[in-house]
Amino acid sequence: MNTGIVWLRNTLRLSDNRVLIESLNSTKSEAILPLYILNKKKLSLKNNNNRVQFLYESLIDLDARFKSKFNTGLIILNGNSEEIFRKLLEYNLLNISEIFTDYSNKPNDVENGKKIKHILSDKNSIKFNIISKANTLTNIEEVVNQENFRPPKKMKEMEKLFSRIFPKGESNFYSVDEPLEIPEISKPLPDNYIEAIDDYIFDIQKELALLKENSKSYFKGGESEALIRLEKKVKSEEKYIRNFRKPRTISTNNPNNPSEPETTGLSPYLSFGCLSPRLLWKETERCYRNGDHTQPPESMHGQLLFREMFYILSKSIENWDSDTNNSMCKKINWGEYDSNKMELWENGQTGFPYIDAMMRQLDATGWMHHLGRHAVSCFLTRGQLWQHWKKGRDVFEKKLVDADWALNNGNWLWLSGVAPFSMPYFRLYNPCPDGKSSLNVETKKAEFIRYWVPELEKFPSKYIFEPHLAPLPIQESVGCIIGKDYPKPMVDRKLVAKENLAKFKESLSILN
Ligand SMILES: Cc1cc2nc3c(=O)[nH]c(=O)nc-3n(C[C@H](O)[C@H](O)[C@H](O)COP(=O)(O)OP(=O)(O)OC[C@H]3O[C@@H](n4cnc5c(N)ncnc54)[C@H](O)[C@@H]3O)c2cc1C
């Protein structure tokens, strides 16, 4: 019996899973071995517990979904993918005839893919299938290799590019493919598979239980959760989706739940591939079909177009994650790395309650509203602290439960003011926002600040965004002395902003 290996990397779902569907439809194999390979040591070095927990929950959910649909589970292995494939292929106990995996241009995946290709180089009978459009709407390779391809630098250019690939049809909707159904066909696991992988089997339930002991994580991983959230935030909220305007959404979350996003909160599921972007696109379109709706860049489709744009740029722009030889990154003479500044920012101890609340939410739950991300990244870079965007990017990569290489780099380039798609560098966010701020902050009750910065729980709303301005008797009456119970602002925000803008301007004229 020939076996097809289904190596799932960024598609932890059954629905619209092209990797799985191709493997089931293939006539070259009668059995399949669905695999996820993780490297526990590297995983916990590179990610905080929220991300690891989300991954484990997603894998356990996928295993259960495999079992209920196909009667076979997902095989989760701990080890080095190169070593595991070498071992699988050495005696080829499983008669492997083909391998399927999702297309990915993340540096790690590219590196691992190359190693597997190398192992296969003298095994001509085994086909290595990299399945495109597994986690994006477009075929990224095909897009960037088009003859007239120009990297899109703004939404209008992205929409033009998108309409060439998916020409608008009836009712002016892009002809994006329908998500693929979970197939009814199934294939068994190969008979002797345990023998081949025994050394690497990972006891994921035990590992998850250990992680959960101290967890404050908010988002539960898995396709089942993704579909529940899709129903709750999109399918049953047609009016909200039709009227969705991203810059109008509240950055301080749901008033009754300081961890629940005002936006969909689907990003962790998209990032791990628990949810297909095509499914979200089409469910949004279904809402749009019932009446007037907003347009890109602010609309829900606009958000997915930004996602697609950053995937396309991350493939077409060399050194996407670097500040050198990256055509989307202006040279700026950023300040020396300052570990003290970085620590205060990362730990939510800057003395700016809005910034601290956001950073503490990130640490506890792995998520932060888009405008919160705007504020803290601007504060760290061109706004107040004059630290390199790559340092902030690294903190996000480790802590965000939705961390995504293409999107995280793209957005840090955007917010630090160095990219052609950045807003003008001199437009800064005030880290002490009032009710009129474009950061859309709930300032009357300021529950978000009270929850995430409990030192300020009893502070009057009038002073809570700049508590050091409260007269001492007020500080005493609420039992929180600024400088003792909560830090004083780490910088004079107006003074440093002025200095930093001058430095940015100078870098632009000298270095670019
Ligand atoms: C400095 C910075 C770093 C960021 N890093 C990441 C990251 O690592 N991973 C990530 O998924 N998003 C990142 N974003 C983009 C954005 O903040 C999140 O996608 C969004 O807040 C997720 O919440 P949501 O799912 O409720 O979004 P919604 O508003 O409901 O949007 C739906 C989906 O559209 C996509 N999307 C929305 N905004 C953007 C955007 N600006 N760029 C690209 N795609 C977008 C996401 O996949 C999102 O889940 C970053 C933004 C900034 C400013």
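Residues numbered from 1 in each chain as written. Predicted model: local features only at pLDDT ≥ 70, side-chain atom pairs only at ≥ 80, totals over all residues. Heavy atoms only, no water.

K.L.:
Summarise helix H4 (residues 81-90); cite the residues concerned and give the values.
P.N.:
What H4 keeps buried is the set Ser 81, Ile 84, Phe 85, Leu 88 and Leu 89. One side of H4 holds all its buried residues, which, seen down the axis, span an arc of 120°. At the N-terminal boundary of H4, the capping side chain belongs to Asn 80, with an oxygen 2.9 Å from the backbone nitrogen of Glu 82. In the segment just after H4, Asn 92 is the residue with positive phi, at about 45°. (Buried < 20%, exposed > 50% of the residue type's maximum accessible area, 1.4 Å probe, protein only. Helix = DSSP H or I, 4+ residues; strand = E, 2+ residues; numbered from the N terminus. Arc of directions from axis to C-beta. Polar contact = N/O pair within 3.5 Å; in protein donor to acceptor, adjacent residues only side chain to side chain.)

K.L.:
Lay out the pairing of strand E4 (residues 96-102) with the relevant residues and their values.
P.N.:
For E4, the buried fraction is high: 7 of the 7 residues fall into the buried class. By the bridge criterion, 5 bridges tie strand E1 (residues 3-7) to E4 in an arrangement that is parallel. Within the sheet, the bridge partner assigned to Ile 5 lies in E4 and is Ile 99. Across 5 bridges, the pairing between E4 and strand E5 (residues 127-131) is parallel. For Glu 98, the partnering residue across the bridge sits in E5 and is Lys 127. A crossover links E4 with its parallel partner E5, the connecting element being helix H5 (residues 107-120), and its sense is right-handed. (Pairing = 2+ DSSP bridges. Right-handed = clockwise from strand over helix to strand, strands pointing away.)

K.L.:
Go over the pattern of salt bridges with me, naming the residues and quoting the values.
P.N.:
In this structure the tally under the stated criterion is 31 salt bridges. Residues Arg 242 and Glu 238 are paired through a salt bridge, measuring 2.9 Å at the closest nitrogen-oxygen approach. In this pair, Arg 242 and Glu 238 are both assigned in helix H11 (residues 238-242), 4 residues apart and thus about one turn of the helix distant. By relative accessible area, which is 26% here, Glu 238 ends up partly exposed. Notably, a salt bridge pairs Asp 402 with Arg 373, separated by 2.8 Å at the nearest N-O pair. In this pair, Asp 402 is assigned in the loop between helix H18 (389-399) and helix H19 (405-416) and Arg 373 in helix H17 (residues 370-383), connecting sequence segments 29 residues apart. (Salt bridge = Lys/Arg side-chain N within 4 Å of Asp/Glu carboxyl O.)

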